[in-house]
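Observations on the model geometry
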Amino acid sequence: MLRQRILTAIVALALLAIVLFVIPPQFLPLIIGALMIGAAWEWGGLLGMTRQGKAGYAAAIAILMAICWLFGRAEVAELFSLAIAWWILAFVGLFFYPLKFSRVAGMCVGGLVIVPAFVAIAYLFEADVALLIGCFLIVWLTDLGGYFAGKAFGRVKLAASISPGKTWEGVLGGMILVVGLALAAASYTGYSAAIVLPFFLGTASISIVGDLTVSVFKRIAGVKDSGTLFPGHGGVLDRIDSIMAATPFFALGISWAGIAG
């Protein structure tokens, strides 16, 4: 299973590199949008929708993404703030698991999760691809450190009823890697480590909330993975759950700092 996961990750990274550095940049919103439509399809599946229902929901999400990107560019900070407000609420909700959601509420949550993430990814890419890669690196290092530190030292469960494999030792391992990345970024960019470090750790923390929140919806739906698109990794949501939470937070910070002029 680990070998399959590694091979899939290598292929995914190669495809990401092609998208970011080879394909003309004007096509990136379309490619990311297609990925997010796949995430919306899977989200509809978690809500128990029929095939027709999932198609309709994915189409509605696609329309919202297009409207927000084409006509809401001046209000991206407000959109990112709305997404972060949801993730804070989701964090609180983790303490009250198990929870029950109506389908309508679940659909609204899906919109709050998917649409701002799409806009944030496109926004960061348009500002500077290095910013987008930096955000991805925070998420990946958090996940990587969590996996290997958890395997080696994991004893204390982070949220046993939601994601039994996650441990506090794994969280610490991921955070240590993120601290190293933050210090390297501060040294390279000239920004104060006193600013970069908490910003990176905040991004890492909210990425974990994203992972756990999608796990809650999978638990409610009674499934292990949201889909089967990526062998050994599950579906689209399984691969981007952390990114969907981290990117609006990271993009909002970049927006406030005036880096994405």
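Residues numbered from 1 in each chain as written. Predicted model: local features only at pLDDT ≥ 70, side-chain atom pairs only at ≥ 80, totals over all residues. Heavy atoms only, no water.

**Focus: helix α7 (residues 168–189)**
Using the following cut-off: Every helix listed is a DSSP run of H or I at least four residues long, and every strand listed is a run of E at least two residues long, numbered separately from the N terminus. In a helix, the anticipated span is given by 1.5 Å times the number of residues less one. Three labels apply to residues, based on accessible area from a 1.4 Å probe with only protein chains included: buried if under 20% of the type maximum, exposed if over 50%, partly exposed otherwise in between. Contact definition: two residues touch when any of their heavy atoms are within 4.5 Å.
Compared with the 32 Å implied by 1.5 Å per residue over 22 residues, the 31 Å span of α7 between its first and last C-alpha is a close match. Every buried residue of α7 is accounted for by G170, V171, G173, G174, M175, V178, L181, A182, A185 and A186. Those residues of α7 that are buried are in contact with α6 (129–153), β1 (157–159), β2 (163–167) and α8 (193–221). G190 sits one or two positions beyond α7 and adopts a positive phi of about 90°.

**Side note on unusual backbone geometry**
Residue P98 is reached from Y97 by a cis peptide bond, and omega for that bond is 5°. Within the element layout of this structure, P98 appears in the loop between α4 (76–94) and α5 (103–127).

**What about the packing of aromatic side chains?**
Basically, it comes down to this: Within 6.5 Å between ring centres, the rings of Phe, Tyr and Trp (the latter by its six-membered ring) count as paired, and their orientation is classed by plane angle as stacked under 30 degrees, edge-to-face over 60, tilted in between.
By the definition in use, this model includes 11 aromatic pairs. Look at F91 and F95: their rings are 5.2 Å apart centre to centre, the planes differ by 90°, and that puts the pair in the edge-to-face class. Classification of F91 as partly exposed rests on a relative accessible area of 42%. Aromatic side chains F136 and W140 sit 5.5 Å apart centroid to centroid with 40° between the ring planes, which places their arrangement in the tilted category. A residue pair is termed a helical-turn pair when its members lie 3 or 4 positions apart in one helix, as F136 and W140 do in helix α6 at 4 residues. Residue W140 is classed as partly exposed on the basis of its relative accessible area of 32%. Pairwise contacts between aromatic rings join F199, F200, F249 and F250 into one cluster.

**Quick look at the nonpolar core**
Proteins that are soluble and globular tend to have nonpolar side chains buried together. The line we're drawing: The definition of a nonpolar core used throughout is a set of buried Ala, Val, Leu, Ile, Met, Phe, Trp, Tyr and Cys residues joined through side-chain atoms within 4.5 Å.
Judged by nonpolar contacts, the single largest core of 75 residues is most densely connected at M36, W43, I114, L124, F200, M244 and F250. A total of 13 residues in this core trace back to one element, the largest contributor, which is α5.

**Some remarks on the packing of helix α2 (residues 28–46) against helix α9 (residues 236–257)**
What counts, and what does not: Geometry is summarised by axes, namely lines fitted to C-alpha atoms with helices restricted to the contacting stretch, and by angles between N-to-C directions that run from 0 to 180 degrees. Roughly parallel means an angle under 35 degrees; roughly antiparallel, over 145; roughly perpendicular, 65 to 115; everything else is oblique. Side-chain classes are defined by residue name, with Ala, Val, Leu, Ile, Met, Phe, Trp, Tyr, Cys and Pro counting as nonpolar, Asp, Glu, Lys and Arg as charged, and the others, Gly among them, as polar.
Contact geometry of α2 with α9 gives a least axis separation of 10 Å together with a crossing angle of 105°. Comparing their axes, α9 and α2 come out roughly perpendicular. Residues L35, M36, G38, A39, E42, W43 and L46 of α2 touch α9, and the partners they reach there are V236, L237, I240 and M244. When grouped by side-chain class, the residues that make up the contact of α2 with α9 number 9 nonpolar, 1 polar and 1 charged.

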